[in-house]
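# Architecture at a glance
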2 protein chains.
Amino acid sequence: MISQTEENYLKALWNLTSTKGEASVNELSKQLDIKMPTVNSMMKRLAEKGLVNYESYKPLKLTDKGKKLAALIIRKHRLTEMYLVEKMGFGWEEVHDIAEQIEHIQSPAFFEKMDELLGYPKIDPHGSPIPDKNGKVETEQYIRYIKLSDCKEGDTVTFMAVSHSSDELLKFLNSRDLALGSKIKVKSIEPFDESMTVSYASRKAEMLSNKVCDKLLVRPV
Amino acid sequence: MISQTEENYLKALWNLTSTKGEASVNELSKQLDIKMPTVNSMMKRLAEKGLVNYESYKPLKLTDKGKKLAALIIRKHRLTEMYLVEKMGFGWEEVHDIAEQIEHIQSPAFFEKMDELLGYPKIDPHGSPIPDKNGKVETEQYIRYIKLSDCKEGDTVTFMAVSHSSDELLKFLNSRDLALGSKIKVKSIEPFDESMTVSYASRKAEMLSNKVCDKLLVRPV
DNA sequence: GTAATAAGTTAGATGATTCTAACAAAATCA
DNA sequence: TGATTTTGTTAGAATCATCTAACTTATTAC
Ligand SMILES: [Mn+2]
Ligand SMILES: [Mn+2]
Ligand SMILES: [Mn+2]
Ligand SMILES: [Mn+2]
């Protein structure tokens, strides 16, 4: 009914529209590394299938049906990442590319079993919420997270999630023993480049660039 | 490099050629439920890639390269089936369709991890040998297996594998508590239809049709 | 050993997914 | 406001994977 390719477009659009509610053909093109004319015709196709609202020269939006379908693919992606980390012993920096493929497996029983073996987790290994079986996402807490880069000197926060994590960032965090759940205290902020010196666990003083702090989502303690 | 579609052709050809060493376009067409002209042009394509020996009107053969590649896909299929049964709690009748999809995942680390978690199994849940990382298959024992239907009254044998298992057969075996490893004694054979009455474990007298006995591979005790 | 049947091949078409080139509309700059 | 740049669209082509129709070669039946 819906191809692997179409699923990837839907998922990318879901991710892009999660904040602003809409996205441009250009953004989607860059996200997927697929040329604009290709994206354009795919959007028309998904509009035919009732998954996307497409009007010439207007921003793209997912329909309710499209949102739900996308969320169910994201669900499979995040459940898989959690399974790979919790049950197979992979590091959080290794799982995204595998999940990118396994998310397309057609077998409700397979993901049902994963969910069950994991004890119905609510978040993935990077702290992102796992949509439920109806495609509903628990945003309540998640939207309250703030960036570490928006914290002030003296703040103490809990490290809750990594946003748009790349392998490199996750490996960097590994090298500094900075894991989800860590209590981070902002010791000082360098005015010149906004880099932070923070302490957490056994680390007394670690310097984190603004580029890093911008990706770390935290919750005030 | 090689598509999911091409992988499925290779695998089907590997299975068909395992006995006779060669197969016809017609057989492959039936196996895959794809029309002959389609199969014909795919064989030319795989020949271009050095995976199949194709000559007009001659039987199809895999090249050494094709054999190895096919065996490595079969390896992924069988490791997956074993993982699903041993680590996720699926029944042996549920895993083939899921493995049919997961066998195409491109991630050496993923299958490496499965193999490790399973303790480097030599056979899959249906008793078929799992090719090693070089595509070599341990046929030594496997080729010595005989069909239960070829046994005589009074023979006692061990149930080692199911050949070309369908869901239905596996569910039937479940319903009779007939599992791999069972010691089966042939009590009598009905001359009219060659159905067997056998005993094993706590089952004193079970009737098995010739069609069933033909699929059960056993080893004399 | 011909006639009928089965198997294999060629040709041409279709839908999916991608591209480049060219053009049109919208947004930004001056 | 008019010129320039960016974004979006249309047109046309390529590759992959599939099909049907028509033809050819091989096998089987009488
Ligand atoms: Mn991911
Ligand atoms: Mn994907
Ligand atoms: Mn199987
Ligand atoms: Mn397959």
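That block above? That's the structure.
Described below are features of the structure shown in this document. (Residues numbered from 1 in each chain as written. Chains lettered and ligands numbered in written order. Predicted model: local features only at pLDDT ≥ 70, side-chain atom pairs only at ≥ 80, totals over all residues. Heavy atoms only, no water.)

### Quick notes on unusual backbone geometry
Even without a glycine there, the phi angle at Glu194 of chain A is positive, about 60°. The residue Glu194 of chain A is located in the loop between strand E5 (183-189) and strand E6 (196-200) in this model. (Helix = DSSP H or I, 4+ residues; strand = E, 2+ residues; numbered from the N terminus.)

### Regarding the pattern of salt bridges
Taken as a whole and assessed by the stated rule, the structure comprises 31 salt bridges over all chains. Salt-bridge contacts for Asp115 of chain B lead to Arg75 of chain B; the nearest nitrogen and oxygen are separated by 2.9 Å. Residue Asp115 of chain B is found in helix H6 (residues 108-118), and its partner Arg75 of chain B is found in helix H4 (residues 64-86); the two are separated by 40 residues along the sequence. Of the two residues examined, Asp115 of chain B and Arg75 of chain B, each falls in the buried class. Two residues, Lys133 of chain B and Glu112 of chain B, come together in a salt bridge whose shortest N-O distance is 3.3 Å. One end of the pair, Lys133 of chain B, is in the loop between H6 and helix H7 (139-142); the other, Glu112 of chain B, is in helix H6, and 21 residues separate them in sequence. On the basis of relative accessible area, Lys133 of chain B is assigned to the partly exposed category, the value being 48%. Residue classification places Glu112 of chain B among the partly exposed residues on the basis of a relative accessible area of 31%. Connected through shared salt-bridge partners, Arg176, Asp177, Arg203 and Glu206 of chain A make up one network. (Salt bridge = Lys/Arg side-chain N within 4 Å of Asp/Glu carboxyl O. Buried < 20%, exposed > 50% of the residue type's maximum accessible area, 1.4 Å probe, protein only.)

### With respect to the packing of aromatic side chains
Summed over the entire model, instances satisfying the criterion amount to four aromatic pairs over all chains. Ring geometry for Phe110 of chain A against Phe111 of chain A: centres 5.1 Å apart, planes inclined by 70°, an arrangement best described as edge-to-face. Between Lys113 of chain A and the ring centre of Phe90 of chain B, over which it is positioned, the NZ or CZ distance is 5.0 Å. (Phe/Tyr/Trp six-rings, centres within 6.5 Å; stacked < 30°, edge-to-face > 60°. Lys NZ or Arg CZ within 6 Å of the ring centre and 35° of its normal.)

### Here we look at the interface of chain B and chain A
Taken together, the contact between chain B and chain A spans 18 residues of the former and 18 residues of the latter. Carbon and sulfur atoms make up 69% of the surface buried where chain B meets chain A, a total of about 1,500 Å² over both sides. Looking at the side of chain B facing chain A, the largest losses of area belong to Met88, Gln101 and Phe110 of chain B, adding up to 35% of the total buried there. Joining chain B to chain A, the criterion identifies zero salt bridges. Across the contact surface, chain B and chain A share three residue pairs in polar contact (both at pLDDT 80 or more). When contributions to the side of chain B that touches chain A are tallied by element, the ones reaching two or more residues are H4, helix H5 (96-102) and H6 of chain B. A total of five residues in the side of chain B that touches chain A trace back to one element, the largest contributor, which is H6 of chain B. Residues that form the side of chain B that touches chain A fall into these classes: 11 nonpolar, five polar and two charged. (Contact = heavy atoms within 4.5 Å. Buried area = accessible area lost by both parts, 1.4 Å probe. Polar contact = N/O pair within 3.5 Å; in protein donor to acceptor, adjacent residues only side chain to side chain. Nonpolar A, V, L, I, M, F, W, Y, C, P; charged D, E, K, R; others polar.)

### A word on the environment of Cys151 of chain A
Residues and elements named next belong to chain A. Considering the arrangement of structural elements, one finds Cys151 in the loop between strand E3 (146-147) and strand E4 (156-162). Measuring from C-alpha to C-alpha, the distance between Cys151 and Gly50 comes to 42 Å, with 101 residues separating the pair along the chain. Once you skip the residues sitting within four places of it in the chain, Cys151 turns out to touch Ile146, Val157, Val186, Ile189, Met196 and Val218.

### Points about the protein's contact with DNA strand C
The environment of DNA strand C is formed by 21 residues, the closest being Arg45 of chain A together with Asn26, Asn40, Lys44 and Tyr54 of chain B. Measuring from a sugar or linking oxygen of DNA strand C, one finds a side-chain N or O atom of Tyr57 of chain A at 3.4 Å. At a separation of 2.2 Å, a phosphate oxygen of DNA strand C approaches a polar side-chain atom of Lys44 of chain B. Elements with a contribution of two residues or more to the surface near DNA strand C: helix H1 (4-20) and helix H3 (36-48) of chain A together with helix H2 (25-32) and helix H3 (36-48) of chain B. For the surface near DNA strand C, the element with the highest residue contribution is H3 of chain A, accounting for five residues. (Near = heavy atom within 4 Å.)

### Topic: empty space enclosed by the protein
Scanning the model with the defined rule gives one cavity of 30 Å³ or more in all. Taken as a whole, the largest cavity encloses approximately 70 Å³ of empty space. Lining the largest cavity are 13 residues, with Tyr83, Met88, Phe110 and Met114 of chain A together with Phe110 of chain B sitting closest to its centre. Listed by contribution, the elements that provide at least two residues to the lining of the largest cavity are helix H4 (64-86) and helix H6 (108-118) of chain A together with H4 and H6 of chain B. Across the lining of the largest cavity, the residue classes break down as 12 nonpolar, one polar and no charged. (1 Å grid on protein atoms, 1.4 Å probe; cavity = no way out; pocket = protein on both sides within 12 Å on 5 of 7 lines; lining within 4 Å. Points joined across faces, edges and corners; volume = space filled by probe spheres on them.)

### Observations regarding the protein's contact with DNA strand D
In the region of DNA strand D, 21 residues are neighbours, and Asn26, Asn40, Lys44 and Tyr54 of chain A together with Arg45 of chain B sit closest. Among the atoms of DNA strand D lying within 4 Å of the protein, the sugar-phosphate backbone contributes 73%. Within the backbone of Lys35 of chain B, a nitrogen or oxygen atom sits 3.1 Å from a phosphate oxygen of DNA strand D. The contact in question runs from a sugar or linking oxygen of DNA strand D to an N or O atom on the side chain of Tyr57 of chain B, over 3.4 Å. For the surface near DNA strand D, the elements supplying multiple residues, two or more each, are helix H2 (25-32) and H3 of chain A together with helix H1 (4-20) and H3 of chain B. At five residues, the largest contribution of residues to the surface near DNA strand D is made by H3 of chain B. The class makeup of the residues in the surface near DNA strand D is 10 nonpolar, eight polar and three charged.

### A closer look at the coordination of the manganese ion (ligand 1)
The protein atoms that coordinate the manganese ion (ligand 1) are His77 of chain A (NE2), Glu81 of chain A (OE) and His96 of chain A (ND1), at distances of 2.1 to 2.2 Å. When its relative accessible area of 6% is taken as the criterion, His77 of chain A is described as buried. (Donors = N, O, S within 2.8 Å, 3.2 Å for Na, K, Ca; no water.)

### Quick look at the relation of the copies chain B and chain A
With an axial shift of 0.0 Å and an RMSD of 0.1 Å, the rotation relating chain B to chain A amounts to 180°. Given the turn and translation reported, the copies of this chain are related as if by a two-fold rotation axis. When each C-alpha of chain B is compared by its distance to the rotation axis, Ile102 of chain B comes out closest, at 3.7 Å. (Least-squares fit on C-alpha atoms with pLDDT ≥ 70 in both.)

Keep in mind that these numbers describe shape and distance, not what the molecule does.
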